[in-house]
Amino acid sequence: MKRQFVSDLRAGVLVNDVFFCSRRDVRERRDGAPFVTFEFRDRTGSINGIMWEKIEDALNICQPGTFCRVQGRVADYQGRLQLNVNLVLPVEQNEVERKDFLTTTSYNTNELLNELRRLAASIENRPLRQLLESFLNDADFVPKFVSAPAAQSVHHAYIGGLLEHTVFMSRLAHAVSEIYHEIDRDLLLAGTILHDVGKTCEYSYETAIDHTLDGRLIGHIVLGYQMTAERIAAIPDFPVETARMLLHIILSHHGALEFGSPKTPKFAEALLVHFLDNLDARIAMFREAVNRNPGTKWTDFHQYLGTNIYIPDRPAVGGSK
């Protein structure tokens, strides 16, 4: 049974436990000698690691996407915790417990799925409604969509995270369409529901969240585009302009080329999907950081939000369990 979790680690602590290796890089010192850097994960978060000696062990045993036993000491490096690794050892399958590396949404996934189906059914544009029904009534797709995480680490990185993220975004999309009357509500809602469907193929999550081969080589944006285009092609007389705009939403929802979108948003509904995606992801980052730091007023520096987070006096809500 795992005893040491990332969220409990502090500078000076000796570590001897099993972690999931999500990244491993071989680098060179100024004198040309190699060293290894890592990212280690469990269900509570991640920590960077560095190994200066005996790196042959790291190369042979601790590969990305595998579990290993890590021995070393936690240090404070430029204001962030870093695990100075002395030794890595192989682990047996019985040393890895799924609950130590995966958490689950705290929301009822049946209720979330039913809510999403009701929102999809409210779409008046018949081809778009047919398209969404082809996804949400598919016996092969739905279990993957309900179980998939929305990310490996950044936000909603737990079982059911993708469904939770999609429903929350869809609620926001519905509200936004009540404010901006020039927006095509049906297109906005359909784009919101489908923007991340490729993540059902991007991640594996049997024991820990990792990328599939398609996830690493193609990515969820292109995978989602392909999945949606295939289903559109199966619907007779699907309007060409509607298909073009919906597929553009999927391709542009990261908002910028440097963030992985092949295209930037070219019309209001596409821009809104990008902003709603960003909004819900960042609120989730705040929520998860607050929930992981009970009894304190400030969290450690948050890498993605670029700040320490203030914790007001109110109960923790949502997130994972």
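Refer to the structure printed above.
In this report, the structure presented in the accompanying data block is examined.

Cut-offs used in this document
- Residues numbered from 1 in each chain as written.
- Predicted model: local features only at pLDDT ≥ 70, side-chain atom pairs only at ≥ 80, totals over all residues.
- Heavy atoms only, no water.
- Core = buried A, V, L, I, M, F, W, Y, C linked by side-chain atoms within 4.5 Å.
- Buried < 20%, exposed > 50% of the residue type's maximum accessible area, 1.4 Å probe, protein only.
- Helix = DSSP H or I, 4+ residues; strand = E, 2+ residues; numbered from the N terminus.
- Pairing = 2+ DSSP bridges.
- Phe/Tyr/Trp six-rings, centres within 6.5 Å; stacked < 30°, edge-to-face > 60°.
- Lys NZ or Arg CZ within 6 Å of the ring centre and 35° of its normal.

Notes on the nonpolar core
Point 1. Counting 52 residues, the largest nonpolar core has Leu131, Leu163, Leu194 and Leu246 as the members making the most contacts within it.
Point 2. When contributions to this core are tallied by element, the ones reaching two or more residues are helix 2 (109–121), helix 3 (126–136), helix 4 (141–147), helix 5 (161–179), helix 6 (185–194), helix 9 (220–233), helix 10 (240–252) and helix 11 (268–291).
Point 3. Formed by 19 residues, the second largest nonpolar core is a distinct cluster that contains Val15, Val36, Ala58 and Cys62.

Some words on the pairing of strand 1 (residues 14–28)
Point 1. For strand 1 and strand 4 (residues 66–77), the ladder comprises eight bridges, and the chain directions are antiparallel. In the strand pairing of strand 4, aspartate 17 is matched with valine 70.
Point 2. Note: strand 1 against strand 2 (residues 34–42), eight bridges, orientation antiparallel. Looking across to strand 2, one finds that arginine 24 is bridged to phenylalanine 38.
Point 3. Count of turn residues in the strand 1/strand 2 antiparallel hairpin: five residues, of which glycine 32 carries a positive phi of about 90°.

A few points about the packing of aromatic side chains
Point 1. For the structure shown, the criterion picks out nine aromatic pairs.
Point 2. Aromatic side chains phenylalanine 67 and phenylalanine 101 sit 4.8 Å apart centroid to centroid with 70° between the ring planes, which places their arrangement in the edge-to-face category. You can see phenylalanine 67 sitting in strand 4 and its partner phenylalanine 101 sitting in the loop between strand 5 (80–89) and helix 2, a full 34 residues away along the chain. For the pair formed by phenylalanine 67 and phenylalanine 101, the shared burial category is buried.
Point 3. The rings of Phe19, Phe38 and Phe40 are connected pair by pair, giving a single aromatic cluster.
Point 4. The ring of phenylalanine 5 carries the charged tip of arginine 43 above its face, separated from the ring centre by 4.4 Å.
Point 5. Note that arginine 231 overlies the ring of phenylalanine 135, its terminal NZ or CZ placed 4.3 Å from the centroid.

Structural measurements only, silent on function.
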